[in-house]
Amino acid sequence: MKEKTKNIVLPLVSVFLGLLLGGIVMVAFKYDPIQGYLALIKGSLGNTFYIGETLRHATPLILVALGFSVARSAGFFNIGVAGQVIFGWLFSIIVALQFAGLPKLFLVPLSLVAGIAAGAIWAGIAGVLRAYFGTSEVIVTIMLNYSALYLSNYAIRQILTEGDDATPKIAKNASLRWQTLTEATNYSTIHMGLVIAILMCVVIMILMQKTTIGFELRAVGLNPFASEYAGMSAKKNIILAMVISGGLAGLGGAMEGLGNFQNIFIMSSVPSTGFDGMAVALLAGGQPLGILFSGLLFGALKVGSVSMPMASGVPTEVVDIVIASIIFFVGAGYLLRYIMERLEKHKAVSATIVLSETARKEGE
């Protein structure tokens, strides 16, 4: 089997095994897995409203996953995408509220740029520390996640409001929602951020595969010492990878602020969008086109899980088990590859034996 085919088959096998394990868990706790999964499908794709909600939920996941994949291609594990989502969300809302009088044509792009810049700067801190001081980006970004969470909560209560738990809603001219699209999906929360997410998949695919910048980022990820010897600046590319990664995560946060919630509020923990986006990237193997489909799958799982308790009695936590199982099997991809290679060798040996036996009989 060719390597490209394996890269497609392995995620599909991981998804199947994850769903299978989720079904086993349902059976173990005396739930009907068929009814459970039917409820999940109906709750995510059953009508135009649910489809709109699935697409809306997938939008920030796709952008966060793209950001994580860029850093991973350069050899870094950006655990801080959740914190970058928070900062992108926060600053896009700040700009939307502060310049509410601007026309929509200017205010929406300005708010999006603010979200991108905030995420990029926040991730850039970890990039600079890694490039010049050799610190672990994993540890630094984990710490920055909590710094972003508490700084955001402080800003909401002490700066943007007078002790309230949420900011006012943004004006319509700052919103990503489009009335025609909203009505077409039976008033779901879908918004034009989906178009931005799809465009960014194309942009990142071109950037990483067709440009000098992408080649240098991948080269640094493969071997930073050889890249330095070839004349590439490892420090520059380390910082650039983290800045691009954080900018995309920040854009994902802006989707939540300008598209979904229309404001920002006090959070007790970092949003799951960050960690779910990482899972989307891992399932897709970091490939932009794969991230698009993987994001839609995770969006369907998350939205559909809401209907499962009401329609079938299956608790929503089962979907979390399915997602965790999928990521487990993705992480164990080397084991799946080993099994597939063994099966291929077994088939090749069997075919050789059959051919040898046939030739012997013909010789007789």
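Refer to the structure printed above.
Parameters and conventions
Residues numbered from 1 in each chain as written. Predicted model: local features only at pLDDT ≥ 70, side-chain atom pairs only at ≥ 80, totals over all residues. Heavy atoms only, no water. Axes fitted to C-alpha atoms, helices over the stretch in contact; angles between N-to-C directions. Helix = DSSP H or I, 4+ residues; strand = E, 2+ residues; numbered from the N terminus. Parallel < 35°, antiparallel > 145°, perpendicular 65-115°, else oblique. Contact = heavy atoms within 4.5 Å. Nonpolar A, V, L, I, M, F, W, Y, C, P; charged D, E, K, R; others polar. 1 Å grid on protein atoms, 1.4 Å probe; cavity = no way out; pocket = protein on both sides within 12 Å on 5 of 7 lines; lining within 4 Å. Points joined across faces, edges and corners; volume = space filled by probe spheres on them. Patch = residues over 30% accessible without salt bridge, like charges linked within 9 Å, V, L, I, M, F, W, Y side chains within 5 Å. Areas by Shrake-Rupley, 256 points an atom, 1.4 Å probe, with all protein chains shown as cover. Salt bridge = Lys/Arg side-chain N within 4 Å of Asp/Glu carboxyl O. Buried < 20%, exposed > 50% of the residue type's maximum accessible area, 1.4 Å probe, protein only. Expected span 1.5 Å × (residues − 1).

Undergrad: Just to check I follow, could you spell out the packing of helix 9 (residues 212–222) against helix 11 (residues 234–261) for this structure?
TA: In helix packing, the relevant descriptors are the interaxial angle and the interaxial distance, both defined with respect to the helix axes. Running from N to C, helix 9 and helix 11 point in directions that differ by 105 degrees, and their axes come no closer than 10 Å. By the criterion of interaxial angle, the relationship of helix 9 to helix 11 is roughly perpendicular. For the pair formed by helix 9 and helix 11, the contact residues are Ile213, Glu216, Leu217 and Val220 on the first element and Ala234, Lys236, Asn237, Ile238, Leu240, Ala241 and Ile244 on the second. For the contact of helix 9 with helix 11, the per-class residue count stands at eight nonpolar, one polar and two charged.

Undergrad: Help me understand the packing of helix 2 (residues 33–45) against helix 3 (residues 48–73), please; the structure alone is not making it clear to me.
TA: At a minimum axis separation of 5 Å, helix 2 and helix 3 run at an interaxial angle of 85 degrees. When the interaxial angle is binned, helix 2 and helix 3 end up roughly perpendicular. The segment helix 2 lies against helix 3, with Lys42, Gly43, Ser44 and Leu45 engaging Tyr50, Ile51 and Thr54. Tallied by class, the residues present in the contact of helix 2 with helix 3 amount to three nonpolar, three polar and one charged.

Undergrad: Looking at this model, I keep getting lost on the layout of surface pockets. Mind explaining?
TA: A probe as big as a water molecule, rolled over the atoms, marks out the empty space that is left. Roughly 270 Å³ of volume is contained in the second largest pocket. If you trace the second largest pocket, you find 13 residues lining it, with Lys172, Ser175, Arg177, Gln179 and Thr182 closest to the centre. Its residues assigned to classes, the lining of the second largest pocket shows four nonpolar, six polar and three charged.

Undergrad: What am I meant to see in a nonpolar patch on the surface here?
TA: A contiguous nonpolar patch, built from Ile34, Leu38, Ile41, Leu45 and Ile51 and spanning about 450 Å² of accessible area, is present on the exposed surface. Broken down by element, the nonpolar patch gets its largest block of residues, four residues, from helix 2. Considering the arrangement of structural elements, one finds Ile34 in helix 2. Classification of Ile34 by relative accessible area gives exposed; the value is 58%.

Undergrad: Explain the environment of Ala174 here, please?
TA: Structurally, Ala174 can be placed in the loop between helix 6 (137–160) and helix 7 (179–184). As for Ala174 and Gln209, which are separated by 35 residues in sequence, their C-alpha atoms are 34 Å apart. Beyond its immediate sequence surroundings of up to four residues, Ala174 is in contact with Ala96, Leu107, Val108 and Leu258.

Undergrad: Would you explain the pattern of salt bridges in this entry?
TA: Think of it this way: side chains of opposite charge can pair up when their charged atoms draw near. Under the criterion given, the structure shown has six salt bridges. Between Glu53 and Arg56 there is a salt bridge, with the nearest N and O atoms lying 3.1 Å from each other. Remark: Arg56 and Glu53 occur in helix 3; sequence separation between them is three residues, near one turn of the helix. Looking at Glu53, the relative accessible area reads 11%, which means it is buried. According to the relative accessible area criterion, Arg56 is buried, its value standing at 11%. A salt bridge links Asp276 to Lys302; its shortest N-O distance comes to 3.7 Å. Linking Asp276 in helix 12 (residues 272–283) with Lys302 in helix 13 (residues 288–305), this pair joins segments that are 26 residues apart in sequence. We note that Asp276, like Lys302, is buried. Within this structure, Asp276, Lys302 and Asp320 form a network of salt bridges that share partners.

Undergrad: Looking at this model, I keep getting lost on helix 4 (residues 81–98). Mind explaining?
TA: When the terminal C-alpha atoms of helix 4 are compared, their 26 Å separation across 18 residues agrees well with the 26 Å that a helix rising 1.5 Å per residue should span. Across the 18 residues that make up helix 4, a large majority, 14, are buried.

In short, geometric facts, not functional conclusions.
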